[in-house]
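Architecture and fold: a report
Residues per chain, in single letters:
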Amino acid sequence: MSEIKDIVKKLEQILTETESKREVEDLFNSSRELMSAYRCAIMEIETKFNVLNDYFSLQHERNPIETITSRLKSPESIKEKLIRRGYPISLESIENNLFDIAGVRVICSFIDDIYMLADCLLAQDDITLIEKKDYIKNPKPNGYRSLHLIIEVPIFLQNTKKKVKVEVQLRTIAMEFWAKLEHRLRYKKHLDEKTINYTSDELLECANLCSTLDTKMQNIRNIIEK
Ligand code: 0O2
């Protein structure tokens, strides 16, 4: 009897999960226009960074950017964040409350390049800075380092102009190396306390090693360029 109850409960849970997933997918299908706006904003920002990279390559014979990647937040991730933050699940809510639907990640060669590129981007008169989180000067307790900018960029459509928010993450190759592996290993995973304690210390040590590497590389460049 209790087994049947368990099965019914499980089925109810699966149905609820499937329904809420469908709810978000439906929302997404009816939000093609909004998602297209985010994609266009990503293209605008990528272009701005590519232009800067090209300029520095011509004028100063160096490329401050190693790679640029971008992503649109997945429906599951959008739903999870809305629920976690207690926001309603609607298009309006997504637009007003979540600022990282469109994400651009810029991997730089040196720490100085991160701040130089951020300054160049923010100096452009069509860019508005909404929020800045400097996890390089103030790393997260786990060792995570990156410069996060939430910016607004206009995109021009047939007869209208729309301002769209984009999250830009700027980090060095070493910061990216750490973040990529840490993400794969344990970011947002539910691990037991013992494993968390041990791996946290180890990962923090790795983050500090990466930071030392960045500082050393920066110093070498400063000496060479003097
Ligand atoms: P993805 O797949 O990279 O998009 P949030 O965590 O989003 O609820 P908040 O305040 O909106 O909180 O964002 P925050 O802390 O400024 O930065 C969130 C993003 O930064 C994450 O996006 C990661 O990309 C990156 N990030 C932040 N902290 C860590 C960390 O400790 N380790 C790693 N590897 N990445 C981190 P998403 O949406 O979680 O993931």
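Note that the coordinates shown come from a computational prediction; the quantities given were computed from them, not determined experimentally.

The rules behind the values
- Per chain, residue numbering runs from 1 following the sequence as it is written.
- With the structure being a predicted model, the display of local features is reserved for residues of pLDDT at least 70 and the display and counting of side-chain atom pairs for 80 or more, all residues being used for whole-chain, interface and lining totals.
- With hydrogens and water stripped out, all remaining heavy atoms of the structure feed into the side-chain values.
- By definition, any uninterrupted DSSP run of H or I lasting at least four residues is a helix, any uninterrupted run of E lasting at least two residues is a strand, and each is numbered from the N terminus.
- Note on classification: 1.4 Å probe, protein chains only; a residue is buried when its accessible area is under 20% of the maximum for its type, exposed when over 50%, partly exposed between these limits.
- Only heavy atoms matter for contacts: two residues are in contact if any of them lie within 4.5 Å across the pair.
- Should DSSP find at least two bridges between two strands, the strands are taken to pair.
- Every axis corresponds to a line fitted to the C-alpha atoms, with the helix fit spanning only the stretch in contact, and the corresponding angles, defined between N-to-C directions, vary from 0 to 180 degrees.
- Nearness is judged by heavy atoms alone; a residue qualifies as near a molecule or strand once a single heavy atom is within 4 Å of it.
- Pairs of N or O atoms within 3.5 Å make up the polar contacts considered here, provided that, within protein, one atom can donate a hydrogen while the other can accept it, and that residues adjacent in sequence are counted only when both atoms are side-chain atoms.
- Methods summary: accessible areas were calculated by the Shrake-Rupley approach with a probe of 1.4 Å, and residue burial reflects only the protein chains presented.
- Gly falls in the polar group here, along with every residue not listed as nonpolar (Ala, Val, Leu, Ile, Met, Phe, Trp, Tyr, Cys, Pro) or charged (Asp, Glu, Lys, Arg).
- Exposure above 30% relative accessible area and the absence of a salt bridge qualify a residue for a patch, where like charges join within 9 Å and nonpolar side chains (Val, Leu, Ile, Met, Phe, Trp, Tyr) within 5 Å.
- For this document, the term salt bridge refers to a Lys or Arg side-chain nitrogen within 4 Å of an Asp or Glu carboxyl oxygen.
- Put simply, angles under 35 degrees are roughly parallel, angles over 145 are roughly antiparallel, angles from 65 to 115 are roughly perpendicular, and the rest are oblique.
- If you view the pair so one helix is near and one far, a crossing is left-handed when the near helix is turned anticlockwise from the far one by less than a right angle, and right-handed when it is turned clockwise.
- In this description, a nonpolar core means a group of buried Ala, Val, Leu, Ile, Met, Phe, Trp, Tyr and Cys residues linked to one another through side-chain atoms lying within 4.5 Å.

**Looking at the overall build of the protein**
- A count of helical and extended segments in the protein gives seven helices and five strands.
- Shown N-terminal to C-terminal, the secondary structure of the protein runs as helices and strands in the order α-α-β-α-α-β-α-β-β-β-α-α.
- For the protein, with 226 residues in total, the buried portion stands at 37%.
- For the protein, restricting intrachain contacts to residue pairs at least 6 apart in sequence, the fraction spanning at least 24 positions comes to 67%.

**Section: the sheet that holds strand β2 (residues 102-108)**
- Strand order across the open sheet formed by five strands is β1-β2-β5-β4-β3, with mixed pairing between neighbours. Single-partner strands in this sheet number two, and they are β1 (65-72) and β3 (128-134). Each strand of the sheet is rotated relative to its neighbour by a mean of 25 degrees, with strand direction disregarded.
- As paired elements, β3 and strand β4 (residues 147-156) share six bridges and run antiparallel to each other. Its bridge partner being in β4, T128 is matched across the sheet by E152.
- Docked against the sheet, helix α2 (residues 32-60) engages β1, β2, β4 and β5 (161-172), running at close to 175 degrees with respect to β1.
- Against the sheet, helix α6 (residues 173-185) engages β1, β2 and β5, with an angle of about 95 degrees to β5.

**Structural notes on the site of the ligand**
- The environment of the ligand is made up of 19 residues, and the closest members are K73, K81, K133, N142 and E182.
- In this structure, an oxygen atom belonging to the ligand sits 2.9 Å away from a side-chain N or O atom of R84.
- Between the ligand and the protein, one listed contact pairs an oxygen atom with a side-chain N or O atom of N142 at 2.7 Å.
- Contact with the protein chains covers 84% of the free accessible surface of the ligand, which is 720 Å².
- Mapped onto the shell around the ligand, the elements with two or more residues apiece are α3 (75-85) and α6.
- For the shell around the ligand, a count of residues per class yields four nonpolar, four polar and 11 charged.

**Some remarks on the environment of E95**
- With respect to the helices, strands and loops of the structure, E95 is situated in helix α4 (residues 91-97).
- Taking the C-alpha atoms as reference points, E95 and K165, 70 residues apart in sequence, are found 8.5 Å from one another.
- What E95 contacts, discounting residues up to four positions off in sequence, is L34, Y38 and K162.

**A few points about a nonpolar patch on the surface**
- There is a patch of nonpolar side chains on the surface, built from F177, L181 and L185 and spanning about 300 Å² of accessible area.
- Examined against the element boundaries, L185 turns out to sit in helix α6.

**With respect to the packing of α6 against helix α7 (residues 193-225)**
- Two elements in contact, α6 and α7, have axes separated by 9 Å at closest approach and are oriented at 165 degrees. With respect to their mutual orientation, α6 and α7 come out roughly antiparallel. The hand of the α6/α7 crossing is right-handed. When α6 is examined against α7, the residues A174, M175, F177, W178, E182 and L185 are found in contact with a partner set consisting of L203, C206, A207, C210 and D214.
- Of the residues that constitute the contact of α6 with α7, the class distribution is nine nonpolar, no polar and two charged.

**Regarding the nonpolar core**
- Counting residues in hydrophobic clusters, the biggest one holds 39 residues, and the most contacted among them are I45, F49, V106, L117, V166, V168 and L170.
- Non-local contacts of I45, meaning those with residues more than four positions away in its chain, are made with V104, I127, I151, V153, V166 and V168.
- The next biggest cluster of nonpolar side chains, apart from the first, holds eight residues, and it includes W178, A179, A207 and C210.

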